[in-house]
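Spelled out from the first residue to the last, the chains are:
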Amino acid sequence: SRGLPKRPENARWLFSYARGLRHRLGRIYINFGAPVPLHERMVALRAEGLTDRQVVERVALDICHRLNQATPVSATAAVSVAMLGADRALTLDEVCATVAPLARYLAARGWPVAGGADLTDRATVSQTLHDLVGSGVLTSYSEGPQTVWGIGDDQHLIVAVYRNSAIHVLFMRAIAELALLAIVQTPGATKRTGWERALAVRELLKFDFFFAGRDEFAEELWREFAIMNGRSPDRSAPLDTEEAARSLNESDLLVAHLVLRPFVDAYRVVAEELVNLGPRRDVDEQQLLTRCLRLGRQWSLQHRITEESVSGEMFSTAVKLARHRGLLDPEGDADDIADRRSALVAELDDLQGSIGELARIRRDFVRV
């Protein structure tokens, strides 16, 4: 992920791996989601005029979406959300205060927690912290009046992997927050304004997340609105600026900065390097990724982006988006491509600003 060559898996590596299996590494949880009625689904998709290739792709997306729905949230993932969100050492009370709203949200969604763990239990959170310290992912300091836990050196990507195991539960919540903020910030906005913002974010992130079909996506979005404002998920109900603002300002759980910011930051790095290339159309993608890793490291040190966003895999996904949008087209008009690259930078800057505003609202809520 940092752009370094993979270490060879030789006999010494195999021996070390085998020795490591002697120690307890945690629990394995197995769950089964709702089955896909494959024949009926394929018939329905072909009736829409899709080709065999498109049918396979849509079925694959359906299956991945259902895999997400069958995957519970682990205590490790919940604690990782808290640690990455703060990006500083936290006391046990601070970790619990961050995890508790997430636990209430999971209960409202009816989403299972792995092993039936109680995320509001201090003992559960404390044990999870100790386990992560034991694996070298977190560090602890107990020489002061209170013990504090922080992310270990060069362990942000590892913590992000744990956090991402729960991200499928939270990304619709994050998109709903951005939709509500768009309603608040746009003069004369209506619910349609929020819907268009949600669709734009969905289009931007479709290479990183498995989204449901458009109708189901809409249902999930309205359900998130309902959870936030305490109403029934009625798509026909009005949603004005005042209600959108109240939903955000009174929420004890805002997650856009925890869930979406690393991806948007990574995309922003790639967009910057594409603009830096000027009107050139012949792009060496491997060289582009190397440049992105260097710029990403610089911006991370400047705290312009999150450390976990400096990842070759995330940059590669951003390059896929750029290719999909024709920003790497060797046959395209150079000036037009340059303009569209600049437009992507502007789109991501706007999204980063919105995510930053949601983070500010969250900090203000905590202080109150």
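Predicted model, so just to flag it, every value in this text is computed and none were measured.

J.: Give me the nonpolar core: which residues, what numbers.
T.: Formed by 102 residues in total, the largest nonpolar core has its most connected members in Ile175 and Leu260. Looking at which element gives the most residues to this core, the answer is helix 8 (residues 167-185), with 13 residues. Contacts of Ile175, omitting those with residues within four sequence positions, involve Ala198, Val201, Phe211, Phe217, Leu221 and Leu260.

J.: Any chance you could break down the sheet that holds strand 1 (residues 90-91) for me, citing the residues and the numbers?
T.: Ordered in space as 1-3-2, the three strands form an open sheet in which the pairing is antiparallel. Here the strands that pair on one side only, and so sit at the sheet edges, are strand 1 and strand 2 (138-141). Relative to strand 3 (residues 148-151), strand 2 runs antiparallel, the two sharing four bridges. Its bridge partner lying in strand 3, Thr139 is registered against Gly150. Those strands touched by helix 6 (residues 122-134) are strand 2 and strand 3, and its axis lies near 110° from that of strand 2.

J.: If you had to explain the side chain of Glu224 to someone new, which residues and values would you point to?
T.: If you trace the backbone, Glu224 turns up in helix 10 (residues 214-229). At 3.0 Å, the side chain of Glu224 forms a polar contact with the side chain of Arg109. Among residues more than four places away in sequence, those in contact with Glu224 are Tyr105, Arg109, Met172, Arg173 and Ala176.

J.: Go over the packing of helix 2 (residues 38-47) against helix 3 (residues 52-69), please, and point to the residues and values.
T.: Packing of helix 2 against helix 3 brings their axes to within 10 Å, and their N-to-C directions diverge by 130°. Comparing the axis directions of helix 2 and helix 3 gives the class oblique. Note on packing geometry: the crossing formed by helix 2 with helix 3 is right-handed. Within the contact between the two elements, helix 2 uses Leu38, Arg41, Met42, Leu45 and Arg46 and helix 3 uses Asp52, Val55, Arg58, Val59 and Asp62. Looking at the contact of helix 2 with helix 3 residue by residue, the class counts come to five nonpolar, no polar and five charged.

J.: Go over the pairing of strand 3, please, and point to the residues and values.
T.: Residues in a regular strand point their side chains to alternate faces of the sheet. With two bridges connecting them, strand 1 and strand 3 associate as antiparallel partners. In the strand pairing of strand 3, Leu90 is matched with Trp149. Following strand 2, the chain reverses through six residues before pairing antiparallel with strand 3.

J.: Which residues make up the packing of aromatic side chains, and what are the values?
T.: Summed over all chains, the structure comprises nine aromatic pairs. Measuring from ring centre to ring centre gives 4.9 Å for Phe171 and Phe209, while their planes differ by 40°; the resulting arrangement is tilted. Of this pair, Phe171 sits in helix 8 while Phe209 sits in the loop between helix 9 (191-204) and helix 10, and the two are 38 residues apart along the sequence. As far as the burial class goes, Phe171 and Phe209 line up, both buried. Pairing Trp195 with Trp222 gives two aromatic rings, centres 6.1 Å apart and planes at 35°, and the pair type is tilted. Residue Trp195 is found in helix 9, and its partner Trp222 is found in helix 10; the two are separated by 27 residues along the sequence. Members of the aromatic cluster, each reached through a chain of ring pairs, are Phe171, Trp195, Phe209, Phe211, Phe217, Trp222, Phe225 and Phe263.

J.: Can you tell me about unusual backbone geometry, naming the residues and giving the values?
T.: In this structure, Asp154 is a non-glycine residue whose phi angle is positive, near 60°. Within the secondary structure, Asp154 sits in the loop between strand 3 and helix 7 (156-164). You will see that His303, though not glycine, has its phi angle at about 60°, which is positive. Relative to the elements of secondary structure, His303 occurs in the loop between helix 14 (285-301) and helix 15 (312-324). Overall, the relative accessible area of 66% leaves His303 in the exposed class.

Conventions used here
Residues numbered from 1 in each chain as written. Predicted model: local features only at pLDDT ≥ 70, side-chain atom pairs only at ≥ 80, totals over all residues. Heavy atoms only, no water. Core = buried A, V, L, I, M, F, W, Y, C linked by side-chain atoms within 4.5 Å. Buried < 20%, exposed > 50% of the residue type's maximum accessible area, 1.4 Å probe, protein only. Helix = DSSP H or I, 4+ residues; strand = E, 2+ residues; numbered from the N terminus. Contact = heavy atoms within 4.5 Å. Pairing = 2+ DSSP bridges. Axes fitted to C-alpha atoms, helices over the stretch in contact; angles between N-to-C directions. Polar contact = N/O pair within 3.5 Å; in protein donor to acceptor, adjacent residues only side chain to side chain. Parallel < 35°, antiparallel > 145°, perpendicular 65-115°, else oblique. Left-handed = near helix turned anticlockwise from the far one by under 90°. Nonpolar A, V, L, I, M, F, W, Y, C, P; charged D, E, K, R; others polar. Phe/Tyr/Trp six-rings, centres within 6.5 Å; stacked < 30°, edge-to-face > 60°.

The values are spatial; any link to function lies outside them.
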